[in-house]
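Listed here are the chains, written in short residue letters.
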Amino acid sequence: MKNITCIAIDDEPFALTVIKSFCERKGGISLTVYDEPRVGFEAIKREQPDLVLLDIEMNSISGLDIAHALPPESCLIFT
């Protein structure tokens, strides 16, 4: 079984720590985290992960704006 590729974007470091902890506990998830939303969005476009974990309220850009710009086949969970 292949690892699930996942990108998490949140401008709060503690939230990313919690997400990372849950993913490590579950296993089978290759997680990359970004605390800068625009950099994370570029990584999503480039890497096309299986799953995106996305905060809605961030300082520089709304998670909703990122979600609307993702391809329709993207699997997205708002955190």
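Scroll up to find the structure this text is about.
Treat the numbers as computed from the prediction; the structure is a model and nothing was measured.

Definitions and cut-offs
- Residues numbered from 1 in each chain as written.
- Predicted model: local features only at pLDDT ≥ 70, side-chain atom pairs only at ≥ 80, totals over all residues.
- Heavy atoms only, no water.
- Helix = DSSP H or I, 4+ residues; strand = E, 2+ residues; numbered from the N terminus.
- Rg over C-alpha atoms; globule rule 2.2 N^0.38 Å.
- Buried < 20%, exposed > 50% of the residue type's maximum accessible area, 1.4 Å probe, protein only.
- Contact = heavy atoms within 4.5 Å.
- Lys, Arg positive; Asp, Glu negative; His and termini not counted.
- Charge placed at Lys NZ, Arg CZ, Asp CG, Glu CD.
- Core = buried A, V, L, I, M, F, W, Y, C linked by side-chain atoms within 4.5 Å.
- Arc of directions from axis to C-beta.
- Disulfide = S-S within 2.5 Å.

### Structural notes on the overall build of the protein chain
- Counting its regular elements, the protein chain contains 3 helices and 4 strands.
- Counted from the first residue to the last, the protein chain has its helices and strands arranged as β-α-β-α-β-α-β.
- Computed over its C-alpha atoms, the radius of gyration of the protein chain comes to 12 Å, within 12% of the 12 Å expected for a compact globule of 79 residues.
- When its C-alpha atoms are laid out on the principal axes, the protein chain stretches across 35 × 30 × 15 Å.
- Looking at the 79 residues of the protein chain, the share that counts as buried comes to 32%.
- Within the protein chain, contacts between residues at least 6 apart in sequence are counted, and of these 65% link residues at least 24 apart.
- Of the charged side chains in the protein chain, 7 are positive and 13 negative, and the gap between their average positions amounts to 8 Å.

### Some remarks on the nonpolar core
- Ranked by size, the top nonpolar core spans 12 residues in total: Ile 7, Ile 9, Tyr 34, Phe 41, Ala 43, Ile 44, Val 52, Leu 54, Met 58, Ile 61, Ile 66 and Leu 70.
- Residue assignment for this core shows that the elements contributing at least two residues are β1 (4–9), α2 (37–47) and β3 (51–54).
- Beyond its immediate sequence surroundings of up to four residues, Leu 54 is in contact with Ile 9, Gly 63, Ile 66, Ala 67, Leu 76, Ile 77, Phe 78 and Thr 79.
- Counting 7 residues, the second-largest nonpolar core is a separate cluster that includes Cys 6, Ile 19, Cys 23 and Leu 53.

### With respect to α2
- What α2 keeps buried is the set Pro 37, Gly 40, Phe 41, Ala 43 and Ile 44. Buried positions in α2, seen along its axis, are confined to an arc of 160° and lie on one side of it.
- On the buried face of α2, the contacting elements are β1, β2 (29–34), β3 and α3 (63–69).
- The first or second residue beyond α2 is Gln 48, which carries a positive phi of 50°.

### What about the state of the cysteines?
- Summed over the entire model, instances satisfying the criterion amount to 0 disulfides.
- Take Cys 6: it sits in no disulfide, and the sulfur closest to it among the cysteines is that of Cys 23, at 5.1 Å.
- Look at Cys 6 and you get buried, because its relative accessible area is 2%.
- Relative accessible area serves as the criterion here: at 9%, Cys 23 is assigned to the buried category.

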